[in-house]
Amino acid sequence: MLTLRTAPGLPDVRLSGSTPADLVRTTELAPGVAVEIDLADPSGWHAIDVRRWAAADRDLLEALLGPAAVREVTGLLASRDAKVGVPLEVAPATVWRRLAVIDALDWWLQLPLNQGLLDAERAIVRARAATSLRSGELRRTFVDRAVVLARRSADEVSAYLNELAGASLPKALFSGLSRVASGYASLAREVDGPDAVLAAVQTAWERVALAPLKAAAPVVGALPAIVGSISGVDPRRVRARVVGNDVQLLPQGTAVRVVVPAFAPLPSPVVADRLMVRLVDRRSGEAQVPTLLTLNTSTAGMPVFTEVVPLRGASVEHLRADVFDADSAEPAASDTDLLRQRRAQLVLSEWRRAAAESRLSRSLRARNRRLVRLLDALAPTTGPLFQGGPARSDISDLVSGSSNHPWFSSTAAAGGPLVAELAAAYDDH
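Lay out the overall build of the chain with the relevant residues and their values.
A count of helical and extended segments in the chain gives 12 helices and 14 strands. Over its C-alpha atoms the chain spans a radius of gyration of 23 Å, differing by no more than 12% from the 22 Å that the globule rule assigns to 429 residues. Projected onto the principal axes, the alpha-carbon positions of the chain cover approximately 65 × 65 × 50 Å. Looking at the chain as a whole, 52% of its 429 residues are labelled buried. Sequence-distant contacts, at least 24 apart, represent 69% of the contacts inside the chain between residues at least 6 apart.

Describe the sheet that holds strand β5 (residues 47-50), listing the residues and the values that go with them.
If you trace the 6 strands from one edge of the open sheet to the other, you get β3-β4-β5-β2-β1-β6, paired in antiparallel fashion. Across the chains shown, the open sheet's two edge strands, defined by having one partner strand only, are β3 (24-30) and β6 (86-88). Direction aside, the axes of adjacent strands within the sheet are offset by 25° on average. Contacts between helix α2 (residues 67-78) and the sheet are confined to β1 (2-4), β2 (13-16) and β6, with β6 contributing the most and set at about 165° to the helix.

Could you give me a rundown of the environment of T297, with the residues and numbers involved?
Within the fold, T297 resides in strand β12 (residues 294-297). As a C-alpha pair, T297 and D394 span 97 residues in sequence and 42 Å in three-dimensional space. Not counting chain neighbours up to four residues away, the residues in contact with T297 comprise M302, P303 and V304.

How would you sum up the confidence of the model for the chain? Please name residues and give values.
Predicted coordinates in areas of low pLDDT are best not read in detail. When pLDDT is averaged along the chain, the result is 91; 96% of the residues meet or exceed 70. Taken together, the stretch residues 224-230 has pLDDT below 50 and engages in 18 contacts with residues farther than four places along the chain or on a different chain.

Describe in detail the packing of aromatic side chains, supporting the description with residues and values.
Across all of its chains, the model carries 4 aromatic pairs by this definition. The interplanar angle of 85° and the centroid separation of 5.2 Å between the aromatic rings of W96 and F142 together place this pair among those described as edge-to-face. Within this pair, whereas W96 is found in helix α3 (residues 94-108), its partner F142 is found in helix α5 (residues 137-164), the two being separated by 46 residues in sequence. By relative accessible area, W96 is classed as buried at 1%. According to the relative accessible area criterion, F142 is buried, its value standing at 2%. Across the ring face of F324, the terminal group of R278 is positioned such that the distance to the ring centre comes to 4.7 Å.

Can you tell me about the packing of α3 against helix α4 (residues 115-130), naming the residues and giving the values?
Where α3 contacts α4, the two axes come as close as 9 Å, and the packing angle between them is 160°. In terms of their interaxial angle, α3 and α4 are classed as roughly antiparallel. Along this stretch, α3 crosses α4, giving a crossing that reads as left-handed. Between α3 and α4, the residues in contact are V95, W96, R98, L99, I102, D103 and D106 and Q115, L118, D119, E121, R122, V125, R126, R128 and A129, respectively.

An account of the packing of α4 against α5 is needed here, citing residue identities and associated values.
The interhelical angle for the contact between α4 and α5, taken along N-to-C directions, is 155°, at an axis separation of 7 Å. Between α4 and α5, the crossing angle belongs to the class labelled roughly antiparallel. Once α4 is placed against α5, the crossing between them reads as left-handed. Contacts between α4 and α5 involve Q115, G116, L117, D119, A120, R122, A123, R126, A127 and A130 from the former and R139, F142, V143, A146, L149, A150, S153, E156, V157 and Y160 from the latter.

I'd like to hear about the side chain of D234, residue by residue, with values.
Its location among the elements puts D234 in the loop between β7 (232-233) and β8 (248-252). Among the polar contacts made by the side chain of D234, one reaches the side chain of R236 at a distance of 2.8 Å. Not counting residues within four places of it along the chain, the set of residues in contact with D234 comprises V323, A333, L338 and Q341.

Quick rundown of unusual backbone geometry? Include the residues and the values.
Excluding glycine, a negative phi dihedral is what most residues carry, and trans is how most peptide bonds are arranged. Looking along the chain, the bond that leaves A264 and enters P265 is cis, with omega of -5°. Structurally, P265 is set in the loop between β9 (255-261) and α8 (269-272). Its identity is not glycine, yet R362 carries a phi of approximately 55°, on the positive side. Mapped onto the elements of the fold, R362 is located in the loop between α9 (335-361) and α10 (365-377). Unlike most non-glycine residues, A413 shows phi in positive territory, near 50°.

Residue-level account of the pattern of salt bridges, with values.
Side chains bearing opposite charge may pair, as long as their charged atoms lie close to each other. Applying the stated criterion across every chain yields a total of 32 salt bridges. Where R236 meets D234, a salt bridge forms, and the shortest distance between an N and an O atom there is 2.8 Å. Given the relative accessible area of 2%, D234 is considered buried. The salt bridge involving R320 is made with D335; its shortest N-O contact spans 2.6 Å. Here R320, found in strand β14 (residues 319-325), pairs with D335, found in helix α9; they are 15 residues apart in sequence, far enough to count as distant.

A description of the pairing of β9 should follow, citing residues and the corresponding values.
Here β9 lies mainly inside the structure; 5 of its 7 residues are buried. Relative to β9, β8 runs antiparallel, the two sharing 5 bridges. Note that in β9 the partner of L250 across the bridge is R257. Two successive antiparallel strands, β8 and β9, enclose a turn made up of 2 residues, where G253 displays a positive phi of approximately 65°. Here β9 pairs with strand β13 (residues 303-310) via 7 bridges, running antiparallel. Looking at β13, one finds that V260 is bridged to F305.

The rules behind these values
Residues numbered from 1 in each chain as written. Predicted model: local features only at pLDDT ≥ 70, side-chain atom pairs only at ≥ 80, totals over all residues. Heavy atoms only, no water. Helix = DSSP H or I, 4+ residues; strand = E, 2+ residues; numbered from the N terminus. Rg over C-alpha atoms; globule rule 2.2 N^0.38 Å. Buried < 20%, exposed > 50% of the residue type's maximum accessible area, 1.4 Å probe, protein only. Contact = heavy atoms within 4.5 Å. Pairing = 2+ DSSP bridges. Axes fitted to C-alpha atoms, helices over the stretch in contact; angles between N-to-C directions. pLDDT = per-residue confidence, 0-100. Phe/Tyr/Trp six-rings, centres within 6.5 Å; stacked < 30°, edge-to-face > 60°. Lys NZ or Arg CZ within 6 Å of the ring centre and 35° of its normal. Parallel < 35°, antiparallel > 145°, perpendicular 65-115°, else oblique. Left-handed = near helix turned anticlockwise from the far one by under 90°. Polar contact = N/O pair within 3.5 Å; in protein donor to acceptor, adjacent residues only side chain to side chain. Salt bridge = Lys/Arg side-chain N within 4 Å of Asp/Glu carboxyl O.

Encoded structure:
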């Protein structure tokens, strides 16, 4: 259920729910048409924004909302008597929500994932979504984008599959990789003539498919230390898997050296060259002029983003480092909001990792061990851990037996584990 938030007579339309949420990400599907998905509850749209409703592609609108909802919105916009706040029943749009979920996880999920596998799934779901559109220019555009993205990730996918040749895979990972290979085969049929890059994925998969299946026994590794410190990375402003969250401020006379660990594997130069930092006074919220961070090597030989920033008369104990992507449009968060956002990212990563491990092993024991460890790491708090998320008591209830909170169904249906998540859990084993 979405609600029309636009006054009649205006060209731009916003349809949204009323519940605030932290784990939201926007995907622009076509010029002027953007969707928002909440990773805490991907069972429906968080919001849909359309600039110039009358000029938007009606085929796409009907795929996202359903023909009945499109007709209703069109009528409401034309009616002089219509009011803001009209609730609307919209179509399930499952494949489009899956597309938005994968894009959102690409931004939010702070786990060591194979980016090639993730991008492959992004490509395949775009091609699947295109099939819900009637023949035309927009459908061709989505397919072409899918082919480009699939080609870009094909070498990495082929390399991963070649490494698995002869290995006995868990059923869940085998099924996921099979879907990726089938997706590449379908995309190969969309291009004119043979495509060696896309075909290489299918060849690599055929070698993997010969091995028998097995169950996996996942390993529960170390928990990222991103909950308690003040300086840190706002997950809304820096894409996941670019930097870690342990930001250090090392005094150097009248300046301070900011050190941020780089996430492995290293990000591309296009991403690395946009990372910035500014010092923020935690008492007043006043922010200094931002400085570009440089990818370097620490004294321990580890890659880090670092730069010396002048204190400008401030005391280090009153400052925090605000690390952000230069292209980010999000405003700087307060200390309270920053800790909540980082907690949301931690709980998201741990819950999804637990779901992937459970899917591989077909057992709830590994899931519950990870959730118990997560509870131990979280500071005592009442109420939801973040907007849209569960409370500590909800997680405890799930470990003990069951919980009805929507969060625990966020890894089902459109929110199900990515192939890259299953691969990461398997690789740890």
